[in-house]
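Coordinate analysis (summary)
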Amino acid sequence: MSDQRAPEYLEPPPGYGPPGKGPGSQRQRGTGPGVASIICAVLVMPSMLVTIVPTMFVALFTRPDTGSNGKEWMANFVFLSLPVLLGLLALTFGLFALRRSPRGSIGWSAAVAGLIVVPVEAVILFLPSIQRGQFDVFY
């Protein structure tokens, strides 16, 4: 009877070992943050649909019958809380991907796209309030 043992490898099998050394690791550095940047940038506008209902309740309960009570800022704060968070995440991920990935790579292109989309959305969002001369969105 022969002694059957597992074959001994001189090098680890494919898919194991340090990242970037196996045959299936074609992903470039910075691709993840670049894609996260464009995803966060695209989700800024739809996130306003999520915050619109709580904003309406805040505007309903903080608006006085006559005059001003100094709490008009609360509706704007609730309305812009999630979009601003996503915009800041998009900017952070975009800058991180720009520094980390080589120029012209997928991560670099996604980061540039995310860094372009966020200011365009900010202009679209704040242009009506700038034209009116006041920052209140719901008053």
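What counts as what
- Residues numbered from 1 in each chain as written.
- Predicted model: local features only at pLDDT ≥ 70, side-chain atom pairs only at ≥ 80, totals over all residues.
- Heavy atoms only, no water.
- Helix = DSSP H or I, 4+ residues; strand = E, 2+ residues; numbered from the N terminus.
- Buried < 20%, exposed > 50% of the residue type's maximum accessible area, 1.4 Å probe, protein only.
- Contact = heavy atoms within 4.5 Å.
- Areas by Shrake-Rupley, 256 points an atom, 1.4 Å probe, with all protein chains shown as cover.
- Patch = residues over 30% accessible without salt bridge, like charges linked within 9 Å, V, L, I, M, F, W, Y side chains within 5 Å.
- Salt bridge = Lys/Arg side-chain N within 4 Å of Asp/Glu carboxyl O.
- pLDDT = per-residue confidence, 0-100.
- 1 Å grid on protein atoms, 1.4 Å probe; cavity = no way out; pocket = protein on both sides within 12 Å on 5 of 7 lines; lining within 4 Å.
- Points joined across faces, edges and corners; volume = space filled by probe spheres on them.
- Axes fitted to C-alpha atoms, helices over the stretch in contact; angles between N-to-C directions.
- Parallel < 35°, antiparallel > 145°, perpendicular 65-115°, else oblique.
- Nonpolar A, V, L, I, M, F, W, Y, C, P; charged D, E, K, R; others polar.

Helix and strand content of the protein: four helices and zero strands. Going residue by residue from the N terminus, the α and β elements of the protein occur as α-α-α-α. Evaluated residue by residue, the protein yields a buried proportion of 25% over its 139 residues. Taking the contacts inside the protein whose residues are at least 6 apart along the sequence as the reference set, 77% of them involve residues at least 24 apart. Total accessible area on the protein is roughly 10,000 Å²; 67% of this is exposed by carbon and sulfur atoms.

Together, V53, F57, L60 and F61 line one region of the surface with nonpolar side chains, adding up to about 480 Å² of accessible area. On the secondary structure map, F57 appears in helix α2 (residues 44-62). For F57, a relative accessible area of 48% translates into the label partly exposed.

This part covers the confidence of the model for the protein. Chain-level statistics for the protein give a pLDDT mean of 80 and a share of 75% at 70 or above. Looking across the protein, the model is least confident in helix α4 (residues 106-132), with a mean pLDDT of 86, and most confident in helix α1 (residues 31-42), with 91.

Space inside the largest pocket adds up to approximately 150 Å³. Lining the largest pocket are V44, P83, V84, G87, L88, V118, E121, A122, L125 and F126. Broken down by secondary-structure element, the contributors of at least two residues to the lining of the largest pocket are α3 (73-100) and α4. A per-element tally of the lining of the largest pocket places α4 first, with five residues.

At their nearest, the axes of α1 and α2 sit 4 Å apart, and the two run at 45 degrees to each other. Taken together, the axes of α1 and α2 are oblique relative to one another. Of the residues in α2, those touching α1 at C40, A41 and V42 are V44, M45 and P46. Considered class by class, the residues forming the contact of α1 with α2 number six nonpolar, no polar and no charged.

To continue, consider the side chain of E121. As for its placement among the helices and strands, E121 is situated in helix α4. Take E121: its relative accessible area is 10%, and that puts it in the buried class. If near-sequence neighbours (up to four positions away) are discounted, E121 is found in contact with A41, V42, V44 and M45.

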